[in-house]
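Each chain, written out:
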Amino acid sequence: MSQDFNPKDMITYADKIAHEMVEEMPDDEAILMVRDFIRVLAEWQPAVHSQMGEPTMLAITALSTTRLFELAFLKAYSYSEKHVAAREAIEKVFGEQS
């Protein structure tokens, strides 16, 4: 992992792409995308599925679940980066061992 790479830059860039895509998206396609995405989330996440009869809570749960992915990505990247750095430090001190 590169020390110069900032995972928040990836999120910023993805956000820019998403805004560009939604600008070009017809309204009816947006509705279909939301419905399909919620179905996918409901299959994966029981908390989303349990809210299927409550539209407002379903929306809140789906939005928080998708935001959770972004936060988990940042946390996982940070952990991985620290893990790799620690491993490299150990290998540097003791030399690479097979």
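Below or above, wherever it landed, is the structure these notes cover. (Residues numbered from 1 in each chain as written. Predicted model: local features only at pLDDT ≥ 70, side-chain atom pairs only at ≥ 80, totals over all residues. Heavy atoms only, no water.)

**Some points on the environment of threonine 66**
Right, on to step 1. Within the secondary structure, threonine 66 is located in helix H4 (residues 55–94).
Right, on to step 2. What makes threonine 66 partly exposed here is its relative accessible area of 28%.
Right, on to step 3. Distance from threonine 66 to leucine 41, taken between C-alpha atoms, is 8.8 Å for residues 25 residues apart in sequence.
Right, on to step 4. Here threonine 66 is in contact with Phe37 and Leu41, once residues within four sequence places are set aside. (Helix = DSSP H or I, 4+ residues; strand = E, 2+ residues; numbered from the N terminus. Buried < 20%, exposed > 50% of the residue type's maximum accessible area, 1.4 Å probe, protein only. Contact = heavy atoms within 4.5 Å.)

**Quick word on the nonpolar core**
Right, on to step 1. Listed in full, the 6 residues of the largest apolar core are Ile38, Leu41, Ala42, Val48, Leu58 and Ala62.
Right, on to step 2. The biggest single contributor to this core is helix H2 (residues 27–44), with 3 residues. (Core = buried A, V, L, I, M, F, W, Y, C linked by side-chain atoms within 4.5 Å.)

**Regarding the pattern of salt bridges**
Right, on to step 1. All told, the structure shown has 3 salt bridges when counted by the stated rule.
Right, on to step 2. Between lysine 16 and glutamate 20 there is a salt bridge, with the nearest N and O atoms lying 3.0 Å from each other. Placement of the pair is lysine 16 and glutamate 20 together in helix H1 (residues 7–24), with a separation of 4 residues, close to one helical turn.
Right, on to step 3. On the accessibility criterion, lysine 16 (48% relative accessible area) is partly exposed.
Right, on to step 4. You can call glutamate 20 partly exposed: its relative accessible area is 40%.
Right, on to step 5. In this structure, arginine 67 engages glutamate 70 in a salt bridge whose closest nitrogen and oxygen atoms are separated by 2.7 Å. You can see arginine 67 and its partner glutamate 70 sitting in helix H4, 3 residues apart, about one turn around the helix. (Salt bridge = Lys/Arg side-chain N within 4 Å of Asp/Glu carboxyl O.)

**A few points about the environment of methionine 52**
Right, on to step 1. Structurally, methionine 52 can be placed in the loop between helix H3 (46–49) and H4.
Right, on to step 2. Separated by 13 residues in the primary sequence, methionine 52 and arginine 39 place their C-alpha atoms 9.3 Å from one another.
Right, on to step 3. Not counting residues within four places of it along the chain, the set of residues in contact with methionine 52 comprises Ile38, Ala42 and Leu58.

**Let's talk about the packing of aromatic side chains**
Right, on to step 1. The tally for this structure, following the rule as stated, stands at 1 aromatic pair.
Right, on to step 2. Their ring planes at 35° and their centres at 6.5 Å tell us that phenylalanine 73 and tyrosine 77 sit as a pair that is tilted. Of this pair, phenylalanine 73 and tyrosine 77 both sit in helix H4, 4 residues apart, which is roughly one turn of the helix.
Right, on to step 3. Judged by relative accessible area, tyrosine 77 falls into the buried class, the value being 13%. (Phe/Tyr/Trp six-rings, centres within 6.5 Å; stacked < 30°, edge-to-face > 60°.)

**Some remarks on the side chain of threonine 65**
Right, on to step 1. Position of threonine 65 among the secondary structure elements: in helix H4.
Right, on to step 2. Overall, threonine 65 belongs to the buried group, its relative accessible area being 11%.
Right, on to step 3. If sequence neighbours within four positions are ignored, threonine 65 has contacts with Leu41, Trp44, Gln45 and Val48.

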